[in-house]
Each structure stands twice: as C-alpha cells, then as structure tokens.
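# Coordinate inspection notes
Listed here are the chains, written in short residue letters.
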Amino acid sequence: MAETVDQIFVLLKGWLVSMLAGWCPPEWQETARAVLSAAISVSAMLGVFLLLFGITTVLERKGLGRIQNRYGPNRVGPWGFLQFVADGIKALIKEDVVPRAADRWVHFLAPIVLLVCVIATFAVLPVGRNMVPVDLDAGILFFFAAGAASELTVFMAGWASRNKYSLFGAMRAIAQMISYEVPLILSAVPVVMIVGSLSTVRVVEAQAVYAGGWAQWHAFTPWGLAGLVLFLIAATAEMNRSPFDLPEGESELVAGYFTEYSGFKFAMFFIAEYLGMLAMSAMAVTLFLGGWSAPFAFLTWVPSWIWFFAKLMMLVALFIWVRGTVPRLRMDQLMNFAWKFLLPMALINIGVAGAWHYLAPGAGRWVLTAGVVLLAYHGLSRSFALRRPKRVYRYAD
Amino acid sequence: MRPIFLFLAILTVAGAVAALTARQLVHGALYLAGAFAGLALLYLGLGAQFVGLVQILVYVGAVAILIVFAILLTRSSESPQAQRWGRAPWVGLGIGGLVFGALAVAILNSAVTQSPPWPAHSVTMDATVAQVGRSLMTDHVVALEAIGLLLTAALIGGALIALDEGRRFGGAPELGENSPDGTVTRGMPEPSHPGALPRSEGDRGGGAHAGGHGEARGGGA
C-alpha cells in the first residue's frame with residue numbers, strides 16, 4: 001500500500017503514456033511514447049512548481065507582514081491565498097512599456113531567456129523516488145551551467161533598458177553573481193567527491209541509507225553541515241535575495257536591472273526569481289538534506305514526494321525569515337565576504353571532506369573534522385573582523 | 001541527428017559571423033555568447049556531456065561576461081561607432097584561412113577519418129563524467145597538474161597586480177596627493193590623510209584602544 005502511494009505519480013504517468021500511445025499507429029509507438037513521457041514530465045514539473053511559486057509569493061508576503069507587525073494580503077480568496085491569481089491577471093492586462101531609447105530586441109529577449117534558463121534547471125531535480133524528468137549523468141553540472149547562463153540575461157536586461165539605474169543594477173548583479181558562483185559550486189564539490197557521481201539521482205540514493213535508524217544525510221556530517229550553510233548563503237546571493245539584494249536596491253536604484261520592465265515582462269522576472277529560489281532550495285535539499293529520503297528509518301512509509309516538498313518548503317520558510325530580518329549588505333562587505341570568507345571556507349571544506357573519506361569511521365573522525373571546520377570558521381571570521389579597515393566617515397559625521 | 005547538427009552548425013557559424021560584423025560591441029558580445037551556446041549544444045549532440053556543460057558554464061557564464069565587463073569598463077557603451085572592417089582585413093582572412101586549412105588537412109589525414117569501420121550510431125560513444133575524470137586523473141595527470149599550476153600562478157599574479165595598484169593609487173587620489181608608504185590596508189584603501197579627518201580619527205582612536213569588542217560597529221559579522 002505504502003509502495004503504491006509512494007509511486008502513485010510514476011504509475012499514473014505510465015498508465016497515461018500507454019493509454020495515449022495506444023491510439024497511435026504501431027510504427028510510431030516508440031516515438032510517441034518518448035514524446036508523451038517527456039511532455040507529461042515537463043507539464044507536471046511546470047504545473048507543480050508554478051503553483052508552488054504562486055503559493056510562495058503569498059506565503060512570503062504574509063510572513064514578511066507578520067515579521068513587520070502588519071497583516072499581509074488577506075482579501076482575495078480564503079485568508080488571501082488567491083492573491084497570486086489576482087497579481088497574475090493584473091500583470092497580464094497591464095500595458096507593456098518599452099523605453100524609446102531601449103534596444104528593443106535585447107530588451108524583449110532578456111526576460112524570456114532568463115525564464116528558459118531557470119526552468120531548465122528543474123530538469124534534473126529528483127522530486128521523489130523514480131521521479132526525475134531527466135537522470136543526466138552530469139546532472140549537478142547541468143544545474144550550475146543553466147544557472148550560469150542566466151547571468152548574461154541580467155546584463156542584457158540592464159544594458160538594453162538604456163537607463164543608468166538599470167545599468168548600475170546589472171553591473172552590481174553580474175559582479176555579485178560571478179563572485180558568489182565560485183563558493184556556490186565549491187560548496188557542492190564535497191558532495192560530488194563523497195558520492196562519486198554528478199548525477200542528482202545517485203546523490204540522493206547515497207543518502208537514503210539508514211544506519212542505526214538514522215539516514216546518512218550529508219547534513220549530518222561536519223563537512224556536510226558546513227557545506228549546507230555555505231551553499232545556502234551563496235545561493236541567497238546568487239538569486240539576489242535579501243540581504244544580498246543590492247542589484248535591486250530599491251532605496252538606491254529604483255528597481256535595479258528591471259526598472260524599465262512592466263506588465264508581463266516584469267512578471268517574468270518575478271517568476272524567474274522565485275522559481276530560481278525554489279530550484280536552489282531543491283538543489284540544497286538534494287545535495288545535503290537527503291532529497292526525497294526520510295530522516296529516520298521508521299518514517300520511510302511516508303511517501304518520498306511528501307518528504308521532498310516538506311524539506312523544500314522548510315528552506316523557503318528559512319529564506320523568507322532571513323529576508324525579513326537581516327539588513328542589506330554594503331557592496332564592499334558583499335565582495336569581501338565572498339572572497340575572503342566563503343571562498344577559503346569552501347576550499348577548507350573540500351579538504352575536510354577528503355579527510356572524512358579516508359579516516360576510519362567513528363567518534364575520532366567526527367571530532368577531528370568538526371574541529372577543523374570550527375577552527376577554520378573561527379580563524380577566518382576573526383581575521384575578517386580584525387583586517388577590516390577602520391571605517392572613516394568623511395561626510396556623514 | 002543530421003538536421004539537428006545542421007541547425008546547430010548554422011546557429012554557431014551565424015553567431016560567430018554576426019559577432020564579427022556587429023556594429024555595437026555589446027551586440028557582438030551577445031552574438032558571441034550565442035555562438036558559444038551553439039558550440040556547447042554541438043558537444044552535447046555528440047554525447048560529450050561534460051565538455052558541453054562546462055562549455056556553457058565557462059564560456060557563456062564567465063567568458064562572455066568578462067568580455068561585457070571589458071567593453072563597459074574600457075569605453076563608453078554609448079559609442080557604437082566601431083569600424084566594421086579593420087585596417088587590413090585580408091591579412092586576418094588569410095591567417096584564418098591558413099589555420100582552417102591546417103586543421104582540415106590534419107583532421108582529414110588523421111586515423112579518425114581513415115578507418116572505415118565507423119559506427120553508424122554515435123549513441124554508444126557516450127563518455128560518462130566518471131570516465132573523463134578517471135582519464136584526467138591517470139593518463140593526463142601531468143597535463144592537469146601543469147594547467148593547475150599555470151592557473152594558480154595567473155590567479156596570484158592577478159591578485160598581486162591588483163594589490164600593487166591599490167598601494168600605488170589607492171591613497172585618496174581625489175585629493176591629488178600620493179599615498180604615504182605602507183599605511184594603506186590591502187583591498188580597501190583608506191583615505192589616509194590625517195589633516196582632513198581630525199575628528200573621526202580622534203573619536204575612533206579611543207574606541208579601538210579600548211579593546212575593539214564593545215564598539216558600536218557590532219562584532220562577529
């Protein structure tokens with residue numbers, strides 16, 4: 001019974017494919033099955049994650065409202081939960097304004113390419129047991145490659161708008177994304193080293209093993225916990241969310257690189273931002289938090305997809321919490337943090353993961369690796385604090 | 001396979017030609033990114049997942065952005081009047097043709113094109129990432145180490161050049177004064193001009209000597 005519930009979507013897809021392919025002439029069977037299988041996977045992923053995007057926007061606005069001691073949206077639908085539908089309709093019927101001086105084609109292409117790149121990242125995310133659109137041999141690499149390709153679109157948007165605030169925002173965004181991409185990828189390297197595969201499915205399977213009732217999640221090891229924290233910080237910066245939202249910087253730059261976008265093109269940036277957050281959270285879950293696996297052996301009867309989406313929404317809640325409570329960084333703090341703290345920390349973490357692999361299992365391994373990680377954290381943060389030049393206010397004093 | 005290859009080849013070559021002939025430098029950079037992406041898709045079509053994805057990660061994600069940065073930082077993006085043809089286009093065309101010819105001759109004479117038992121489907125030739133990694137770590141480990149050394153040296157050299165510039169030009173250039181010797185901190189140069197800032201120096205001095213912990217700037221970070 002539990003097995004059927006766990007695999008219900010896989011069974012449903014198989015049934016749909018065989019039923020629809022049955023209507024095709026026999027010589028087209030194979031092609032029809034491949035096309036149908038791809039189409040069903042893609043539409044299921046798109047539908048689920050776009051719905052999740054809508055719910056996340058409402059949750060975020062309600063959460064921020066709670067943090068700022070006010071009601072969030074509470075008028076449309078039950079408890080305001082249909083607010084995203086109203087927002088979507090509003091974005092669709094708004095006028096699409098393009099500045100006269102803008103580079104029309106690049107201005108038009110930027111949000112589309114961005115959305116395509118972000119949606120492509122969902123192709124390799126295993127959302128449940130046997131539930132992954134494409135099991136690529138180099139899945140993790142694919143995820144980061146698609147993310148890296150989206151950086152250029154931010155520049156396209158900012159440059160094509162012919163607006164100095166847009167261009168400032170784009171330059172900030174590129175500098176920030178390039179800088180934080182390095183610790184982001186390096187923090188994922190230990191996982192690849194330990195698992196010995198770049199496939200997201202293998203990574204989750206390696207963690208869905210139980211010893212003494214506990215799952216072997218990477219986050220339950222010293223290097224895994226450090227990697228998870230590094231990954232989450234770098235991911236926050238990579239998706240330009242507060243406290244790293246300098247590219248938008250509404251108090252300085254109007255709205256940064258999408259200042260000159262309106263109507264549905266703006267909505268596309270918005271969708272891409274939130275889908276990017278969901279994809280990054282899903283990748284963090286896959287790499288460090290065991291993907292679709294249960295934390296304890298006695299909880300394995302809960303369907304795998306419930307675990308995945310529960311963990312995903314936990315991380316989304318964390319991001320909302322951080323956005324509501326942490327103030328924005330300054331540009332030089334942002335750069336120093338990436339290059340002088342996150343990058344050395346990620347490199348040390350790679351070494352720690354290597355040591356973990358070769359040391360004999362036991363308490364000694366735990367103490368040693370955790371000690372190195374903590375020592376590195378302490379030393380780096382101390383030197384970071386000490387090396388910080390004395391702040392001199394020339395005009396503000 | 002055939003129509004997809006043709007489509008990608010045309011995309012790549014058209015992107016490269018457009019990058020060369022674009023009047024707007026930024027447009028040229030974007031076309032070049034398109035050509036890079038087409039090349040990556042060609043690699044993926046050949047079953048070389050690792051090379052194709054790294055091509056996107058490095059070339060579309062980093063090199064194209066580096067080019068854009070170079071354009072924006074070295075000249076105003078508002079001056080699109082780049083000349084379509086250089087002073088000696090034929091020299092460039094000649095060199096390009098020579099390189100193309102040499103490569104074509106080398107490929108046509110290589111063992112790949114001369115051995116007749118050529119598999120009909122290239123599907124079986126998928127090189128997994130594990131295979132690539134193993135061969136990099138065993139057969140080609142010397143080359144890998146050499147490239148690693150070269151890149152590290154380049155990285156340190158870049159950091160040193162930036163460090164030197166910070167020392168030389170960092171000290172309050174807007175005041176029109178050379179910075180004094182070693183007082184400027186690395187990375188973030190401070191306007192070390194004691195005469196201009198008597199108040200803040202005095203204020204902060206007391207706090208810094210008192211231990212640095214109880215300052216209003218906040219600890220940890």
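Residues numbered from 1 in each chain as written. Chains lettered and ligands numbered in written order. Predicted model: local features only at pLDDT ≥ 70, side-chain atom pairs only at ≥ 80, totals over all residues. Heavy atoms only, no water.

### Focus: the packing of helix H2 (residues 25-45) of chain B against helix H3 (residues 49-74) of chain B
Residue and element names in this part refer to chain B. Which entries qualify depends on this criterion: Axes, fitted as lines to C-alpha atoms, cover a helix only where it is in contact. Angles between the N-to-C directions of the axes lie from 0 to 180 degrees. Working definition: helices are DSSP H or I runs of at least four residues, strands are E runs of at least two. Numbering for both runs from the N terminus. Relative orientations are named as follows: roughly parallel for angles under 35 degrees, roughly antiparallel for angles over 145 degrees, roughly perpendicular for angles from 65 to 115 degrees, and oblique for any other angle. Each residue is assigned to one of three groups, with Ala, Val, Leu, Ile, Met, Phe, Trp, Tyr, Cys and Pro labelled nonpolar, Asp, Glu, Lys and Arg labelled charged, and all others, Gly among them, labelled polar.
One can describe the packing of H2 onto H3 by two numbers: an axis separation of 8 Å at closest approach and a directional angle of 175 degrees. If you check the angle between H2 and H3, you find them roughly antiparallel. Looking at the contact of H2 with H3 residue by residue, the class counts come to 21 nonpolar, three polar and no charged.

### Looking at the side chain of Asp245(A)
Just so we agree on the cut-off: Between N or O atoms, a polar contact is any pair within 3.5 Å; within protein, one atom must be a potential hydrogen donor and the other a potential acceptor, and residues adjacent in sequence are included only when both atoms are from side chains.
As for its placement among the helices and strands, Asp245(A) is situated in the loop between helix H9 (222-238) and helix H10 (250-253). Here Arg328(A) takes part through its side chain, which lies 2.8 Å from a polar atom of the side chain of Asp245(A).

### Details of a nonpolar patch on the surface
All names here are of chain A. As a reminder of what qualifies: Residues forming no salt bridge and having over 30% relative accessible area are the ones grouped into patches, like charges within 9 Å of each other and nonpolar side chains (Val, Leu, Ile, Met, Phe, Trp, Tyr) within 5 Å. Per-residue accessibility takes into account occlusion by the displayed protein chains alone, with areas from the Shrake-Rupley method and a 1.4 Å probe. The working definition used for a salt bridge is a side-chain nitrogen of Lys or Arg within 4 Å of a carboxyl oxygen of Asp or Glu. Burial classes: relative accessible area under 20% of the type maximum marks a residue as buried, over 50% as exposed, and values in between as partly exposed (1.4 Å probe, protein chains only).
A surface patch of nonpolar side chains, about 680 Å² in accessible area, is lined by Ile-8, Phe-9, Leu-12, Trp-15, Met-19 and Trp-23. Within the secondary structure layout, Met-19 lies in helix H2 (residues 8-22). The exposure class assigned to Met-19 is partly exposed, which follows from its relative accessible area of 32%.

### What to know about empty space enclosed by the protein
Residues and elements named next belong to chain A. Using the following cut-off: Cavity and pocket criteria rest on a 1 Å grid covering protein atoms alone: a 1.4 Å probe that fits but cannot get out defines a cavity, protein on both sides within 12 Å along at least 5 of 7 lines defines an open pocket, and an atom within 4 Å of a point defines a lining residue. Grid points are joined across faces, edges and corners, and a volume is the space filled by probe spheres set on the points.
In the structure shown here, the tally under the stated rule is three cavities of 30 Å³ or more. Considered as a void within the structure, the largest cavity measures approximately 320 Å³ in volume. Lining the largest cavity are 21 residues, with Val-118, Ser-150, Glu-238, Met-239 and Gly-276 positioned closest to its centre. If you list the elements that add at least two residues to the lining of the largest cavity, you get helix H5 (104-120), helix H6 (139-160) and helix H11 (263-288). At six residues, H11 tops the list of elements feeding residues into the lining of the largest cavity. When its residues are assigned to classes, the lining of the largest cavity shows 14 nonpolar, five polar and two charged.

### Considering unusual backbone geometry
All names here are of chain A. Cis geometry marks the peptide bond from Ser-242 to Pro-243; its omega dihedral reads 5 degrees. Backbone geometry at Asn-69 places phi at a positive 60 degrees, although glycine is not the residue there. For Asn-69, the position within the fold is in the loop between helix H3 (29-67) and helix H4 (83-93). Overall, the relative accessible area of 72% leaves Asn-69 in the exposed class. Look at Arg-162: it is not a glycine, yet its phi comes out positive at around 55 degrees. As for its position among the elements, Arg-162 is in the loop between H6 and helix H7 (164-195).

### With respect to the environment of Leu253(A)
Residues and elements named next belong to chain A. For the record, the criterion: Working rule for contacts: check all heavy atoms of both residues, and any pair within 4.5 Å makes them a contact.
Mapped onto the elements of the fold, Leu-253 is located in helix H10. Residue classification places Leu-253 among the buried residues on the basis of a relative accessible area of 4%. Considered as a pair, Leu-253 and Phe-168 are 85 residues apart in the sequence and their alpha carbons are 7.6 Å apart. Contacts of Leu-253, omitting those with residues within four sequence positions, involve Tyr-165, Phe-168, Gly-169, Arg-172, Leu-246, Pro-247, Glu-248 and Thr-259.

### Here we look at the side chain of Asn349(A)
Residue and element names in this part refer to chain A. Within the fold, Asn-349 resides in helix H13 (residues 331-358). Among the polar contacts made by the side chain of Asn-349, one reaches the main-chain carbonyl oxygen of Trp-223 at a distance of 3.1 Å. If sequence neighbours within four positions are ignored, Asn-349 has contacts with Pro-190, Trp-223, Ala-226, Gly-227 and Val-373.

### Here we look at the packing of H6(A) against H7(A)
Residues and elements named next belong to chain A. At a closest axis distance of 8 Å, the pairing of H6 and H7 adopts a crossing angle of 175 degrees. In terms of orientation, H6 and H7 fall into the roughly antiparallel class. Note on element contacts: H7 touches H6 through Ser-166, Leu-167, Ala-170, Ala-173, Ile-174, Met-177, Ile-178, Glu-181, Leu-184, Ile-185, Ala-188 and Val-192, opposite Ile-140, Phe-144, Ala-148, Glu-151, Val-154, Phe-155, Gly-158 and Trp-159. Of the residues contributing to the contact of H6 with H7, the split by class is 16 nonpolar, two polar and two charged.

### Examining H9(A)
All names here are of chain A. The line we're drawing: Here the expected length of a helix is defined as 1.5 Å per residue gap, with one fewer gap than residues.
Between its first and last C-alpha, H9 extends 24 Å over 17 residues, near the 24 Å set by a 1.5 Å rise per residue. Counting buried positions along H9 yields 14 of 17 residues, so the element is predominantly enclosed. Backbone geometry just after H9 places Asn-240 at a positive phi near 55 degrees.

### Quick notes on the packing of aromatic side chains
Note on aromatic pairs: each is described by the distance of the centres and the angle between the planes. All names here are of chain A. Cut-off, in case you're wondering: Side-chain rings of Phe, Tyr and Trp (the six-membered ring for Trp) are treated as a pair once their centres are within 6.5 Å; stacked means planes under 30 degrees apart, edge-to-face means over 60, and tilted covers the remaining angles. Only Lys NZ and Arg CZ are tested; either one counts as a charge over a ring when it is within 6 Å of the ring centre and within 35 degrees of the ring normal.
Scanning the entire structure with this criterion turns up 26 aromatic pairs over all chains. Look at Trp-214 and Phe-220: their rings are 5.2 Å apart centre to centre, the planes differ by 75 degrees, and that puts the pair in the edge-to-face class. Using a relative accessible area of 45% as the deciding quantity, one classes Trp-214 as partly exposed. Judged by centre distance (6.1 Å) and plane angle (80 degrees), the ring pair of Trp-356 and Trp-366 falls under edge-to-face. With Trp-356 in helix H13 and Trp-366 in helix H14 (residues 363-387), this residue pair connects regions lying ten residues apart in the sequence. The class of Trp-366 is partly exposed, set by a relative accessible area of 40%. Between Arg-162 and the ring centre of Trp-159, over which it is positioned, the NZ or CZ distance is 5.5 Å. A cation over an aromatic ring shows up here: Arg-365 above the ring of Trp-356, its NZ or CZ 3.7 Å from the ring centre.

In short, the description is geometric, and any link to function would need to be established separately.
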